[in-house]
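Observations on the model geometry
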Amino acid sequence: MTDMRNRTVDLPGVTLAYRESGRPDGPPLVLLHALGERAADWDTVLPGLAPAHRVFALDLRGHGDSARTVAYSLEAMRDDVLAFLDTLGLARVDLVGHSMGGAVAHLLAQAAPERVDRLVLEEIPALYPRPASVLPENPAQDVHFDWAMVRAVKAQFDDPDPAWRAGLARITARTLAVAGGPASPVPQERIAELARLIPDCRLVTVEAGHLVHGARPAEFVAAVAPFLAR
């Protein structure tokens, strides 16, 4: 794997930090982390993904070294990623998202299907209303994310726009849904539903719980790398 390069890019309304690695001439692969995580969360699987791709792992707004902003939403994160692709001249990419990053990824693939070749959605279900999230009243401040972002995103997951679920049918990318099995707190039948709603989607289960690529990196790469291979 080539050296990791830490970079930033100024986009409309936000500065994003990202890490670039892999083959400079390889097909572009964009990695989107889960809520409260950052680009470095993908380090465990980069050795298996980077040799065949030019990899961009982003800190989404409100996370890691990216800017904190006044407003947060999954749609804003989707638009940030689209602006990132435009700014770097990436016309079409492979896109991998975990949990919240998976929601951002499939919203992008719905809105701009021509921009995504292959799509990997790790532990993100078809979204339905759920009981309101309980967050700490006095959260610790020594974290690498903005608690205002957590509150905004949790509220969207608690009461998702039904159009997000309906829009899965507009995804044209070849898609792999990765489920974590019964140890995951995510309803596995909802991941299976997401896989049915996306026209060209295959479902694979890795018995790892919610943190599939972190807990079972070798198994994750074994499922994802062949799917992404040209």
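Throughout what follows, the structure given in this document is the object of discussion. (Residues numbered from 1 in each chain as written. Predicted model: local features only at pLDDT ≥ 70, side-chain atom pairs only at ≥ 80, totals over all residues. Heavy atoms only, no water.)

Here we look at the overall build of the protein
Looking only at helices and strands, the protein features 8 helices and 8 strands. Since a compact globule built from 230 residues should have a radius of gyration of about 17 Å, the 16 Å found for the protein is in line with a globular shape. Each principal axis of the C-alpha distribution contributes one length, and for the protein these read about 45 × 35 × 30 Å. By residue count, 55% of the 230 residues in the protein fall in the buried class. Put simply, of all contacts in the protein between residues at least 6 apart along the chain, 75% involve residues at least 24 apart. Looking at the protein, you have 23 positive and 29 negative side-chain charges, and the mean spots of the two groups are 4 Å apart. (Helix = DSSP H or I, 4+ residues; strand = E, 2+ residues; numbered from the N terminus. Rg over C-alpha atoms; globule rule 2.2 N^0.38 Å. Buried < 20%, exposed > 50% of the residue type's maximum accessible area, 1.4 Å probe, protein only. Contact = heavy atoms within 4.5 Å. Lys, Arg positive; Asp, Glu negative; His and termini not counted. Charge placed at Lys NZ, Arg CZ, Asp CG, Glu CD.)

Considering helix α4 (residues 147-158)
Each α-helix turn comprises 3.6 residues. Residues three or four places apart therefore point the same way. Between the first and last C-alpha of α4 there are 16 Å, a value that for 12 residues agrees with the 16 Å anticipated at 1.5 Å per step. Taken together, the buried positions of α4 are occupied by Trp147, Met149, Val150, Val153, Gln156, Phe157 and Asp158. In this structure Asp146 caps α4, since a side-chain oxygen of it lies 3.0 Å from the backbone nitrogen of Ala148. (Expected span 1.5 Å × (residues − 1). Polar contact = N/O pair within 3.5 Å; in protein donor to acceptor, adjacent residues only side chain to side chain.)

Considerations on the pattern of salt bridges
Scanning the model with the defined rule gives 13 salt bridges in all. Ionic pairing is found between Arg7 and Glu20, a salt bridge with its closest N-O pair at 3.0 Å. Highlighted residues: Arg7 in strand β1 (residues 5-11) and Glu20 in strand β2 (residues 14-22), separated in sequence by 13 residues. Connected via shared salt-bridge partners are Arg5, Arg7, Glu20 and Arg54. (Salt bridge = Lys/Arg side-chain N within 4 Å of Asp/Glu carboxyl O.)

Some thoughts on the nonpolar core
Formed by 53 residues in total, the largest nonpolar core has its most connected members in Leu32, Leu58, Leu74, Phe84 and Leu119. Excluding anything up to four places from it in sequence, Phe84 contacts Val9, Leu11, Tyr18, Phe56, Leu58 and Leu90. Of all hydrophobic cores here, the second largest spans 23 residues; its members include Val204, Val206, Phe220 and Leu228. (Core = buried A, V, L, I, M, F, W, Y, C linked by side-chain atoms within 4.5 Å.)

Let's talk about the layout of surface pockets
The volume enclosed by the largest pocket comes to roughly 550 Å³. Lining the largest pocket are 22 residues; nearest its centre among them are Ser99, Pro125, Arg130, Phe157 and Val186. When residues of the lining of the largest pocket are assigned to their parent elements, the largest contribution, 3 residues, is made by α4. A per-class count over the lining of the largest pocket returns 15 nonpolar, 2 polar and 5 charged. (1 Å grid on protein atoms, 1.4 Å probe; cavity = no way out; pocket = protein on both sides within 12 Å on 5 of 7 lines; lining within 4 Å. Points joined across faces, edges and corners; volume = space filled by probe spheres on them. Nonpolar A, V, L, I, M, F, W, Y, C, P; charged D, E, K, R; others polar.)

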